[in-house]
Every structure is written in C-alpha cells, then in structure tokens.
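These are the residues of each chain, in order.
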Amino acid sequence: MSHPKDWTEEENFDLTLSQRTEELYRIANREPDANGMIEAAVLPLRDLVVFPRMVSPIFIGRESSLLAVEEAQRKGQTVIGLTQRDADIDNPGAEDFLPVGVEMAVGRLLAMPDGSHSALVQGRRRVEIVEFIRSVPYLKVRARVVSEPQTADRQTSALMRSALDLFDRCVQLDRSIPEEAHLFAMNISEPGWLADMLATSLSLNYEAKQSLLMLLDVRGRLQALNKILAQEVDVLELEDEIHSKVQSEVDKSQREFYLREQMRQIQNELGEGDIFTRDANDLKKRLDAANLPDEAKLVAMKELERLNQMPPMAPEVGIIRTYIDWILELPWSNFSPDNLDVKNAGKTLERDHYGLKKAKERILEYIAVRSLKPKKERQPILCFVGPPGVGKTSLGRSIAESLGRKFARVSLGGVRDEAEIRGHRRTYIGALPGRIIQTMKRAGTSNPLFMLDEIDKLYSDFRGDPASAMLEVLDPEQNNTFSDHYLELPFDLSKVMFVTTANSLGSIPSPLLDRMEVIEFPGYIEEEKLEIANRYLIPRQIEENGVEELSLTFEPDAVRKIIREYTYEAGVRNLERELGKICRKVARMKAEGKKFESAIKADAIEKYLGPQQVFQPEAERTDEVGVVTSLAWTENGGEIMPVEVAVLEGKGGLQMTGQMGDVMQESGQAALTYIKSRAEELKIDFEVFERMDIHVHMPEGAIPKDGPSAGITMATAIISALTGRPVFKHVGMTGEITLRGRILPIGGVREKVLAAHRAGLKTVILPEKNLKDLTELPKTAKSELKIIPVKHMDDVLQIALGKDAVIEPPRPKKQNTKEESQEESE
Ligand code: ADP
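Residues numbered from 1 in each chain as written. Predicted model: local features only at pLDDT ≥ 70, side-chain atom pairs only at ≥ 80, totals over all residues. Heavy atoms only, no water.

Novice: Describe the overall build of the protein chain, listing the residues and the values that go with them.
Specialist: Regarding its fold elements, the protein chain presents 30 helices and 27 strands. The principal-axis extent of the C-alpha atoms belonging to the protein chain is close to 165 × 70 × 60 Å. Looking at the protein chain residue by residue over its 826 residues, the buried ones come to 47%. Restricting to contacts in the protein chain with at least 6 residues of sequence separation, those with at least 24 account for 74%. (Helix = DSSP H or I, 4+ residues; strand = E, 2+ residues; numbered from the N terminus. Buried < 20%, exposed > 50% of the residue type's maximum accessible area, 1.4 Å probe, protein only. Contact = heavy atoms within 4.5 Å.)

What follows is the structure, encoded as structure tokens:
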C-alpha cells in the first residue's frame, strides 16, 4: 500500500467510485481474539451513521481522526466508526458515543481545498464497545464483534417479505430512491443485512438511524424498520395524491390555455382576427355613440368591463352581451314629433273608417287640446270596448298614423304570469324582458301608440298578478320609471299613448278600468256592413289579392247575401274574409282561362263560397207554446237564444239545463215564484205546481250562459207552457224579473237589439230603464224594429202572448200530450 501522502495529489481525484470501492475490499477484516474481541482506532462520526456493508463518503476534519486513519492505513487495519450522540461536540469522550459501533475500512484519503480530507468508507460489522484503551493521540477501543444470523427463521422471513413489499411501494412513490435498490434488496438473504441496507436507502433522520444501529436483535430491527417503512409509505401516498391533484389542475388550465391559443391562431389564419375583442370594441363604440340616460350608460359600461375580464368561452359572456344589446336597442329618448293638425287627422280617420263617430271625435278632441297646449304631458288612456272585428285595432292604427306616431301592439290575452309583462330576472337561464319592454324595442321610438289588446283577458293566479303590473304601466304617476325585472333600469313610458281593447268591460279589474276612458264600439247592422264592404273591404281585398285589372264589382245583393247567409257576426272580419275568398277564386279562374263575370251577382255567391253557412231559424218558426226568444249578450256581440219550457207530470220540481250559471238559475227560480204568486190572475190552477215538473232548457248546451237578463224570457216561457198559449214568433225580449214581476234594466242593450235586428225579429221587449241606451242605435235598426219598453211582467205577457187570447186553465194530461208532440216535431 502506498503512502497516503500520494493520494492527496491531484490526479487521484480522477479515480472512479467503483475503483475506490474495490480498494476498500482489500483492507482486511480484523480477526477477533478468542473472546471475540478486537482492538481498533476510533473514527468519531458526527451527523452520520454508517451501517455494516454500506459504502459511504466521509469527511475527516479533526486532527485526531486524521491521525487514526493514517495509522490504520499504514498498518492495513480497519477502524471502528463510532457515532457521536451529539454532533456538536468537538472532543468527544467515552461517554459521548453510542455503545455500538461499526468496524469499517477506510479508502484512500483525498485532500480537500479547505485543508480537510475525504475518504470512502465501508462498514463491515457491528461491534459493541467494551472499553476505551486510550485517548491520545487518538481514541482506541476494545470491542466485541456482534455476530448476526446468516439465515432467517419463519417469523423473520415474514418480516423481511413485508419490509420488501413496503420498500417496493416506497421505490414506486419516491423518485429519489433508485429502482435498482429494490432489486438489490430482494437478493439479500441475511436478515440483518437487509435491515441495514433498507435503513441506508431511506432518507431517515439521524436519530432514527442511531436507534436502528443500536438494535442488535435482528428481528427487533426488522420490526422497527417495518414500522418506519409503513409510515413512509403513508406519507408518500399522501404526497402523491396531493401532487397528482395539483398536477391535474395545472394540466387542465394548461390545456385550456393551449386550446384557446390554438383557436386564436386559427382565427388569425382565417383572417377573422380576434372576434371577441373586436366585438367588445364594437360594443364600446356603440355605447359611446348611443344616447343613453346616465344610469343606463353606467350600468352598460360596468357590464362591458365585466365582459372584458372574462375568458371568451365563459357561459356568462352571451348573457352579458345580450343584456348590453338590449340596453343599446331600446328607444330611451328617441321621440317622433307629433303631428297635431286636427284637419289632417280628421281626414285620415274618415278615410280609413266608416262610422265610429264617438271614437273619432274623442281622438280629434285630444289632438286639438294637445295642439293648444303642447306641453300638456298627460296622455289619455283609451279603452276600446266591443265585439271582435268592429275596427278597434284598425282605428288604433289610423290614430297612430294621423298623429305621426309609431304603432305597436301586444296581446295580453291569456297572460297569467306577471313575468310576461315585467320579464324575468337575469339570474334565470334564458331570461328576457317582458312584453312591454319588448314591444317598446320593436316600436323603436319612446312615444309610440301602444295598443294593449284583450286587457279583459288578463288572469291572476299563483304566478303573480299581471293586472297589478299593468297598473304600473298605465299609471301616469309611476310609468315614467317602469321597472322591468330583466332590465333593472327605470324605463320612461310616460310619453307613450296607450290604447287598450276589450270585448267586455265586466272582466277588467276595476282599478285598471278607473284609469281608462272607455269608448264603446257597437256592432254593425246590415246596412253599415254593406257600406263598409263597399267603401273599404272590397277595394282592400281587390288590392291585396292583386286582382285590380279584372275590374271586379260586387252587387249590393251579393254582399247582402254574404252578410246574411255566410257570416253571423257583430263586426266585419268574416265578411272581409269571404270577400277575399271570392277575389282569389276569380283570380284563379282567370289564370286557368275559365270564363267568369266581373260583376259578382247574388246567385253566383253559392258557386264561390259553397252552400249557405248560416241559417236564421226564426224565419221558419211558427208561434209555439213554451218557446220564447231571449236576447243575449256575448263577447262576440249580441245573440238570440231560444228558451224552451216543457211541463211534465211529476212532483212539482224545477229543472234548468243548458249550462246555466248560478245567477241565471236563481233568476229562473224567481220567475217561478212570481208565477206561483200570480197563479190566480194568470188563470193557472195552483195544483199544477205540485203535480207537474217544469223543465227549462236553453239549447246550445255546450255554451255556458249566465246573468239575470233572461228572467222575463223564462217567466214568459213557463207561463206559455202552463197555459198552453203560443208565443208570437217575432218577439224577442230581455230583462231581469223581480218576485213582484217588476222588470229591472240589464246590460249590452245595443248589441242585443242589433242581434234581434240581424235575426229578423220584429218586436223587441226591453226594460224601460234601458231606453237611454238606444240613442246610438242606427236609424235603420230603430225604424225596422218595434222596440217596446216595459215596466212590469203583465206588459210582457200582453205583448208576447196576446191581449185577447183566451186563458184556459191548464189541463195537465192534455198539456202533456201537446208538449210531447211539439218536442217530436222539433
Ligand atoms: P277588432 O280589433 O275590433 O277585432 P279589426 O280592427 O281587426 O277589429 O277589424 C277587422 C277588419 O274590419 C279590419 O280590416 C278593419 O279595417 C275592418 N273594419 C272594421 N270596422 C271598420 C270601419 N268602421 N270602417 C272600415 N273598416 C272597418
């Protein structure tokens, strides 16, 4: 062996690790004496535990240690590595070391630039210190060699296997342990060696290593190691879990970033640029240019800012964009100037509509007032009431035109949900503003003529009260800051001119009705319809169907035939439809080269429109017993309805059928009571009421009917049935009856009278108090109908049953057969 001085030379640094390890093996094992003792120099180890058979580099700083190593090398001897209990002690004495050390070989010393030395050492075997022989110039001890079993018993094998499994797991989880370490460990058969090898491979702390070194019992050492390994696996698994979670988060956002970047590149490639930023810039420009109220602008700008901070694919982007679009597209302060020329307005209204005097006058008054006092802010709220097809909507359009305002229309029919009026909050998916704001957007100006159709068809239920939302819309005190749930900004509706339409006033909530000025639109009589058809409907249908060049004309009789036999309505909607049908049929004949007459005559109507659609049953009827014509009011205008009464043997019951409502049934009861109380005067045998059943029926049983106005009709029919006196067929009647036979006024008189006229009745019996309602009746109707006001039931009976007719006491058997034969003949 060469002198250690040689090793300090530079070139020796180049020795490879394996060369240096080989050298270590050449250093001999000390043979123990007969007592199993060896004597050797001590190499004190701070911070380091070298296990038997393990190779480790060490630093030698202390002078005494260097001497000990040099001496041992010179003699080709091993040293005993003794671990200090406390690493900080510089001159350790006997008590400062662990009682167990490792005999080890020290390889060549290498001098370090800072004056210290390093060497490679390899542990050989555990030794137990017996005594310290001397302490200068270096420590020397006598120690007993610890012998360990070469093979494992069953229990130890199990411990070894479990340690190996755990170690395998550690190697998989901990990247700092080389994979070969497990392979190496599997090939170790000596239990103590395996324990030491594993202890070295793990990055254990100083104390743990010390205690493992001290464990001379191999099985105990393996047990301790198993525990340490299990803990290590636990910690490593936890670490791994955390790591993979973090990793997957990072992976996801990296992936998204990557994809987005790719998309941007693709868009650039396609010349689409960055659509998102372009869009945002576009919105910003529009917002700057738009004439918005401050509050709206502020909100829109804030939303835009939010938009800019969002990734383009965020789901909220669309929602915010739509919201800003809504703000931009609403007419906040875009007024159209009003045309307040009364003459011009009058002309427009006359040009488009026949009649409707009251409505036209009211509009002209409004325009006149506005032209005198342009600043007068308040807009009237008109409510057009009348059956369908009488021109409510089209008059609204004309008013808008004559005022120079935009026309917007929304139907409230069947609206149950307040949100339909006021919108949904933006937190709902797919939320939109309500119908009011939507219609304002469509109108495009902030002062349109806004028609709210079918305001009588609003419903209230658990979804909220749309009528109260409508109140806010129509209330001049509130509607300058109308709030829509979606918009969440006050919107000024105070410049809007609202016109509502309804078929009946009855079902409009009264607070709403209070705010409106009601203008009634009556139905038309035949003459008026004829006039409207000639002046407006025919020219319009000819134009709409493009048949101008055929120079079509409709003869008055032809139009009359359509009115009578093909339509049955208060308005003219169906009439217009039938006229349109004829125009199209003629156009087709012309196109097909067929012959046709350009003057449409009455007898050609059937050819165009098919067989007659509407029959006037009254025309065929004869005077009958127990059948009286009642005049009824429906949303479609007036209607005539027969009331039938049959008297049958029974127990004195009263049966009422035909979908009669409660009020109507009660009024039937009242009629009967009246009749009973007057039985003597009416010459009705009182017994009849106990022996007979009375059945009152109103045909068309599928249509619900209600109201008190059929009272006198039912009374008349019952009396006729009980007395066997027929009712004059041309008489129609309406009126409420009291128990005393007085007659009370009812509603819808004009519509009812018009219906009677339409149906060709000659006489109409009305409560006297209703006479005032007749002022607006067309003259023709008035002159063609005999309208008789009545106060008492006696008057009615005289008109309907005849003054001089003999009043016979009823003879039930005979009566019955008569009724039955009548039923059969019907
Ligand atoms: P409503 O709104 O009352 O249901 P519309 O306004 O829709 O009825 O009227 C139906 C059709 O009848 C329209 O084409 C309208 O022009 C026409 N019309 C109704 N009344 C008149 C009238 N007095 N003069 C001219 N045309 C009328």
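Novice: For the sheet that holds strand β13 (residues 497-502), give the residues involved together with the corresponding values.
Specialist: Taken together, the 5 strands give an open sheet; going across it, the order is β9-β10-β13-β8-β14, and neighbouring strands pair in parallel fashion. Among the strands making up the open sheet, the edge pair consists of β9 (407-411) and β14 (517-520). When the angles between neighbouring strand axes are averaged without regard to direction, this sheet yields 20°. Two strands pair when backbone bridges link them, and β9 and strand β10 (residues 449-453) are joined in this way by 5 bridges, in the parallel orientation. Counted as the bridge partner of Ser 411 is Asp 453 from β10. (Pairing = 2+ DSSP bridges. Axes fitted to C-alpha atoms, helices over the stretch in contact; angles between N-to-C directions.)

Novice: Can you explain the nonpolar core? Please cite residues and give values.
Specialist: Core analysis: the largest hydrophobic core is formed by 51 residues, its most contacted members being Met 470 and Leu 474. For this core, the secondary-structure elements that each account for two or more residues are α9 (275-289), α10 (294-308), α11 (316-329), β8 (382-385), α16 (435-443), β10, α17 (466-474) and β13. A per-element tally of this core places α11 first, with 7 residues. In this structure, Met 470 is in contact with Leu 412, Ile 421, Leu 452, Ile 455, Leu 458 and Leu 512, ignoring residues within four places of it in sequence. If you look at the next biggest cluster of nonpolar residues, it comprises 49 residues, including Leu 395, Leu 403, Val 499 and Tyr 566. (Core = buried A, V, L, I, M, F, W, Y, C linked by side-chain atoms within 4.5 Å.)

Novice: Residue-level account of the side chain of Asn 447, with values.
Specialist: Here Asn 447 is to be found in the loop between α16 and β10. Of the residues examined, Asn 447 reaches a relative accessible area of 4% and is grouped as buried. The contacts of Asn 447, once residues within four sequence positions are left out, are Asn 334, Phe 335, Ser 336, Asp 338, Arg 405, Lys 495 and Val 496.

Novice: Got a sec to walk through unusual backbone geometry? Specific residues and values, please.
Specialist: The linkage connecting Val 136 with the following residue, Pro 137, adopts the cis geometry, with an omega of -10°. Note that Pro 137 resides in the loop between β6 (117-134) and β7 (140-145). Its identity as a non-glycine residue notwithstanding, Asp 47 has a phi of 60°, on the positive side. The class for Asp 47 is exposed, based on a relative accessible area of 57%. Backbone geometry at Lys 683 places phi at a positive 60°, although glycine is not the residue there. Using a relative accessible area of 46% as the deciding quantity, one classes Lys 683 as partly exposed.

Novice: Lay out the sheet that holds strand β27 (residues 786-790) with the relevant residues and their values.
Specialist: Taking strand neighbours across the sheet as the criterion, the 7 strands line up as β20-β21-β19-β18-β23-β26-β27 in an open arrangement whose pairing is mixed. Looking at strand neighbours, the two that pair on one side only are β20 (654-657) and β27, the edges of this open sheet. Between one strand and the next, the sheet's axes are offset by a mean angle of 30°, whatever the strand orientation. Where strand β26 (residues 763-767) and β27 come together, 5 bridges link them in parallel fashion. What sits directly across from Ile 765, in β27, is Ile 788. In this fold helix α24 (residues 662-677) packs onto β20 and β21 (692-697), with an angle of close to 145° to the strand it touches most, β20.

Novice: Explain the site of the ligand to me, and be specific about the residues and the numbers.
Specialist: Taken together, the neighbourhood of the ligand is formed by 18 residues, with Tyr 354, Gly 389, Thr 393, Arg 540 and Arg 573 sitting nearest. Taking Tyr 354, its main chain carries an N or O atom lying 2.7 Å from a nitrogen atom of the ligand. Gly 391 is positioned such that a nitrogen or oxygen atom in its backbone is 3.2 Å from an oxygen atom of the ligand. Expressed as a share of its isolated accessible area of 560 Å², the protein-covered part of the ligand is 90%. Every element with two or more residues in the shell around the ligand is listed here: α14 (392-403), α19 (526-544) and α21 (573-591). Partitioning the shell around the ligand into residue classes produces 8 nonpolar, 5 polar and 5 charged. (Near = heavy atom within 4 Å. Polar contact = N/O pair within 3.5 Å; in protein donor to acceptor, adjacent residues only side chain to side chain. Areas by Shrake-Rupley, 256 points an atom, 1.4 Å probe, with all protein chains shown as cover. Nonpolar A, V, L, I, M, F, W, Y, C, P; charged D, E, K, R; others polar.)

Novice: Go over the pattern of salt bridges with me, naming the residues and quoting the values.
Specialist: Taken as a whole and assessed by the stated rule, the structure comprises 52 salt bridges. One network of salt bridges, in which partners are shared, links Arg 286, Arg 321, Asp 325, Glu 329 and Lys 441. (Salt bridge = Lys/Arg side-chain N within 4 Å of Asp/Glu carboxyl O.)

Novice: Provide a residue-level description of the packing of aromatic side chains, including the pertinent values.
Specialist: To describe a pair of aromatic rings, you give the distance between the ring centres and the angle between the ring planes. Scanning the entire structure with this criterion turns up 6 aromatic pairs. Plain terms: the ring middles of Phe 686 and Phe 689 are 5.2 Å apart, the flat faces sit at 65° to each other, and that makes the pair edge-to-face. Residue Phe 686 is classed as partly exposed on the basis of its relative accessible area of 43%. A residue is classified by how much of its surface remains accessible, and Phe 689, at 8% relative accessible area, is buried. Geometry around Trp 193 places Arg 53 over its ring, the cationic atom sitting 4.5 Å from the centre. In this structure, Arg 426 is placed above the aromatic ring of Tyr 323, and the distance from its NZ or CZ to the ring centre is 3.6 Å. (Phe/Tyr/Trp six-rings, centres within 6.5 Å; stacked < 30°, edge-to-face > 60°. Lys NZ or Arg CZ within 6 Å of the ring centre and 35° of its normal.)

Novice: Quick one: what's the story with α24, residue by residue and with numbers?
Specialist: Along its 16 residues, α24 runs 23 Å from first to last C-alpha, staying within 8% of the 22 Å computed at 1.5 Å per residue. Those residues of α24 not exposed but buried are Met 664, Ser 667, Gly 668, Ala 670, Ala 671, Leu 672, Tyr 674 and Ile 675. (Expected span 1.5 Å × (residues − 1).)

Novice: An account of the side chain of Gln 73 is requested, with residue identities and associated values reported.
Specialist: Within the secondary structure layout, Gln 73 lies in helix α3 (residues 63-74). Within the structure, Gln 73 has its side chain in polar contact with the backbone oxygen of Gly 107 (distance 2.5 Å).

Novice: Describe the packing of helix α12 (residues 342-352) against α14, with residues and values.
Specialist: Two numbers describe how α12 lies on α14: the axes approach to 9 Å, and their chain directions differ by 150°. What the angle tells us is that α12 and α14 run roughly antiparallel. The two elements α12 and α14 meet at a crossing, and its hand is right-handed. Mapping the contact onto sequence places Asn 344, Ala 345, Thr 348, Leu 349, Arg 351 and Asp 352 in α12 and Leu 395, Ser 398, Ile 399, Glu 401 and Ser 402 in α14. Class assignment of the residues belonging to the contact of α12 with α14 gives a composition of 4 nonpolar, 4 polar and 3 charged. (Parallel < 35°, antiparallel > 145°, perpendicular 65-115°, else oblique. Left-handed = near helix turned anticlockwise from the far one by under 90°.)

Novice: Summarise a negative patch on the surface; cite the residues concerned and give the values.
Specialist: The grouping of Glu 543, Glu 544, Glu 548 and Glu 549 at the surface amounts to a negative patch. Tracing the backbone shows Glu 549 in the loop between α19 and β15 (553-554). (Patch = residues over 30% accessible without salt bridge, like charges linked within 9 Å, V, L, I, M, F, W, Y side chains within 5 Å. Lys, Arg positive; Asp, Glu negative; His and termini not counted. Charge placed at Lys NZ, Arg CZ, Asp CG, Glu CD.)

Novice: Quick one: what's the story with the confidence of the model for the protein chain, residue by residue and with numbers?
Specialist: Should pLDDT be low for a region, the predicted coordinates there are not to be read in detail. Scored by pLDDT, the protein chain has a mean of 84; 91% of the residues are at 70 or more. By mean pLDDT, the top-scoring element of the protein chain is β26 (93), and the lowest-scoring one is helix α1 (residues 4-7) (40). Across residues 1-13, where pLDDT falls below 50, the model places 18 contacts with residues more than four positions away in sequence or in other chains. This model gives residues 804-826 a pLDDT under 50, and the stretch forms 37 contacts once residues within four places in sequence are excluded. (pLDDT = per-residue confidence, 0-100.)

Novice: Hey, could you go over a nonpolar patch on the surface for me, with residue numbers and the actual values?
Specialist: Together, Leu 238, Ile 242, Val 246 and Val 250 make up an exposed nonpolar region whose accessible area comes to about 350 Å². Turning to its location among the elements, Val 246 is positioned in helix α8 (residues 218-269). When its relative accessible area of 47% is taken as the criterion, Val 246 is described as partly exposed.

Novice: So, α8: which residues are in play, and what are the values?
Specialist: Taking 1.5 Å as the rise per residue, α8 with 52 residues should run 76 Å; its terminal C-alpha atoms sit 72 Å apart, in good agreement. Those residues of α8 that sit buried are Val 218, Gly 220, Arg 221, Leu 222, Leu 225, Asn 226, Ile 228, Leu 229, Val 233, Leu 236 and Gln 267.

Novice: Can you break down the pairing of strand β4 (residues 100-106) residue by residue, with the values?
Specialist: With 7 of 7 residues buried, β4 lies mostly within the body of the structure. Judged by which residues are buried, β4 turns out to be covered on both faces: Val 100, Val 102, Met 104 and Val 106 on one side and Gly 101, Glu 103 and Ala 105 on the other are all buried. As paired strands, β4 and β6 are joined by 7 bridges and run antiparallel to one another. Opposite Gly 101, over in β6, you have Val 127 as the bridge partner.

Novice: Outline the environment of Val 572, supporting the account with residue identities and numerical values.
Specialist: Tracing the sequence through the fold places Val 572 in the loop between α20 (556-565) and α21. By relative accessible area, Val 572 is classed as buried at 8%. It is 8.2 Å that separates the C-alpha atoms of Val 572 and Ile 532, two residues lying 40 residues apart in sequence. Residues in contact with Val 572, not counting those within four places in the same chain, are Gly 389, Tyr 524, Lys 529, Ile 532 and Leu 537.

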